[in-house]
Amino acid sequence: MTDLNLLYDAILNGKLEQSVEVTNQAVAEGIEPQEIINGYMIKAMEEIGLRFQNGEAFVPNLLMAARAMKGSLDILRPLMKGANSVSMGKVVIGTVKGDLHDIGKNLVASMLEGCGFEVINLGVDISSEKFIEAAKEHKADIICMSALLTTTMNYMKEVIDALEAAGVRKDVKVMIGGAPVTDAFAQQIGADGYSENANGAVALARKLVAE
Amino acid sequence: MRASAVISFSELGLTPQHVYASMGYRGAEPDSETCSLVARMLADLEREVKPAYALKVLPGKVEGHSVVIDDIVFDTPVFLGKILQEAHHFALFVVTAGQAYDDWAARIKKQGDILCEFVADAIGSATVESMGLYAKKRLEELLGGATHSSTFCPGQYHWHISEQRKFFTLMGEDNVGVTINDSFLMHPIKSVSGLIGIGETLDPTITACSLCPRLDCFRRNAGHA
Ligand code: B12
């Protein structure tokens, strides 16, 4: 019988090979993918996210964990269908027009992906048209915008206004983040939520898709 | 007065510690696996990268809160106008990790490993930061001890990023291949532009970091831009 705690440890410590190996064993033994994911994998991601938030882990630890998580999810995904689908929701993410800072945005993308979201990463310098187009094309549940310049964060409001004008605002939740962004700013521009770090972003995304 | 050069990576004196700092380690030592990954990637990049700088010293003044150089009037924020009030010359510079870095980073990204992608990015940021410090040293040599302010960059705080257009007009041909796009972003991506005031009464201890409210920033006083 596979000890799934080893999977928890593998993801927490960012060990891709070990993670894949234990997952394969568990699948061979017929353990339900949902049990593996919810009982162990997501818990490990939550723990590493918490350690990062508390300054006990660093970005590479987070990325290695997300990489190990993704390796296991790639094995489990094809085994799950319909209501049991492993996707927690679809997210379109990008750094807004006029801005190139993408490290934080990529981190949020990796964490969301690691935690079971399908993520479409549009890159940097993204216009409202591109956000809207991608949201429609992929039937996204959430649009995530990142801005690191105080002068580009205002563009987030333009995107939200453009979503309204295009008649799609009601179909999609909007999450924003980046160093200069605050909760008050998010409310002021009519976003559905803000988080100051990648860990909080996952919790927020979960909450928003459940609404 | 102007100077520009493409320099060799080794001249930059970039150490793994710089890269760890860029990765957010705040002085902590990464695990051995991460350390050897950084070392490997630094060695890989060293063969290709061609960092460069261009700098130019022009006469100018501050009118109201606007820095004025060669009839170009910058819409500099009030606080910056005050800091630079007594400047009679300005040094403008552009530093870049170069196109070869961008190409290298794009190749790494294609390989699809998020950790390598992150390390490549941190190396690029550390490279352009070191290039900035190198250019500043070079400027100080040229100035021969003249008092100057610290560096301020278009896009910082309330100095709107669109002012990059005026900045690059002034740089003219002296841009070491760095261009700006419609959104005023520089290409190659790992580039930094900035301005330094020159004048006897200027205070170099007033830095962008010392004015920034983000006290917990992992790059506070680390020499970015
Ligand atoms: C690294 C860096 C660079 C790198 C870019 C690397 C890259 N690929 O992104 C380089 C050196 C190239 C660079 C250049 C410039 N930069 Co710069 N840069 C930074 C720096 C030091 C760190 C940013 C970072 O990577 N942080 C680490 C990540 C992990 O944190 P984060 O981005 O905040 O993300 C976290 C949260 O915010 C949140 N989050 C982020 N996005 C999202 C999205 C959602 C939806 C959610 C929920 C959460 C979320 O979660 C993340 C993880 O926890 C910042 C200073 C700072 N501390 O922010 C300046 C900074 C952002 N840069 C600045 C400027 C001005 C520039 C330039 C315009 C300067 C110039 N004139 O040359 C240039 C532009 C270059 C160009 N090509 O045009 C200024 C912006 C000022 C302002 N507030 O308006 C800053 C603040 C520095 C400063 N004080 O001067 N930069």
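To keep things clear, this report deals only with the structure shown in the data block. Computed from a predicted structure; not experimentally measured.

Calculation rules
- Residues numbered from 1 in each chain as written.
- Chains lettered and ligands numbered in written order.
- Predicted model: local features only at pLDDT ≥ 70, side-chain atom pairs only at ≥ 80, totals over all residues.
- Heavy atoms only, no water.
- Phe/Tyr/Trp six-rings, centres within 6.5 Å; stacked < 30°, edge-to-face > 60°.
- Buried < 20%, exposed > 50% of the residue type's maximum accessible area, 1.4 Å probe, protein only.
- Helix = DSSP H or I, 4+ residues; strand = E, 2+ residues; numbered from the N terminus.
- Right-handed = clockwise from strand over helix to strand, strands pointing away.
- Near = heavy atom within 4 Å.
- Polar contact = N/O pair within 3.5 Å; in protein donor to acceptor, adjacent residues only side chain to side chain.

## Focus: the packing of aromatic side chains
What describes a pair of aromatic rings is the distance from one ring centre to the other and the angle between the planes of the rings.
Step number 1: All chains considered together, the criterion is met by six aromatic pairs over all chains.
Step number 2: Between Y20(B) and Y25(B) the ring centres are 6.5 Å apart and the planes differ by 70°, which places this aromatic pair in the edge-to-face class.
Step number 3: For Y25(B), a relative accessible area of 2% corresponds to the buried category.
Step number 4: Each ring, one from Y101(B) and one from W104(B), has its centre 5.8 Å from the other, and the planes form 50°; the classification is tilted. A residue pair is termed a helical-turn pair when its members lie 3 or 4 positions apart in one helix, as Y101(B) and W104(B) do in helix α5 (residues 99–110) at three residues. The exposure classification of Y101(B) matches that of W104(B), with both residues buried.
Step number 5: Through pairs of rings, three or more aromatic residues link up here, namely F58(A), Y20(B) and Y25(B).

## Notes on the pairing of strand β3 (residues 142–146) of chain A
Residues and elements named next belong to chain A.
Step number 1: Within β3, five of the five residues are buried, which leaves it mostly tucked inside the rest of the structure.
Step number 2: A two-sided burial pattern is seen for β3, the buried positions comprising I142, C144 and S146 on one face and I143 and M145 on the other.
Step number 3: Of the crossover connections in this fold, the one passing from β3 over helix α7 (residues 155–165) to the parallel strand β4 (residues 173–177) is right-handed.

## Some points on the site of the ligand
Step number 1: The environment of the ligand is formed by 46 residues, the closest being H101(A), D102(A), S146(A), T150(A) and S193(B).
Step number 2: Neighbouring residues of the ligand are not confined to a single chain but are spread across chains A and B.
Step number 3: The separation between a nitrogen atom of the ligand and a polar side-chain atom of D121(B) is 3.1 Å.
Step number 4: Note that a nitrogen atom of the ligand is positioned 2.8 Å from one of the backbone N or O atoms of P154(B).
Step number 5: It is helix α5 (residues 103–114) of chain A that provides the largest number of residues to the shell around the ligand, a total of four residues.

## Some details on the side chain of N197(A)
All names here are of chain A.
Step number 1: Considering the arrangement of structural elements, one finds N197 in the loop between β5 (193–194) and α9 (198–210).
Step number 2: Only 3.2 Å separates the side chain of N197 from the backbone nitrogen of N199, close enough to count as a polar contact.
Step number 3: In this structure the side chain of N197 is engaged in a polar contact, spanning 2.7 Å, whose partner is the backbone nitrogen of G200.

## A look at the side chain of S191(B)
Step number 1: Looking at the element boundaries, S191(B) is found in strand β9 (residues 191–198).
Step number 2: There is a polar contact of 2.7 Å between the side chain of S191(B) and the backbone oxygen of P188(B).

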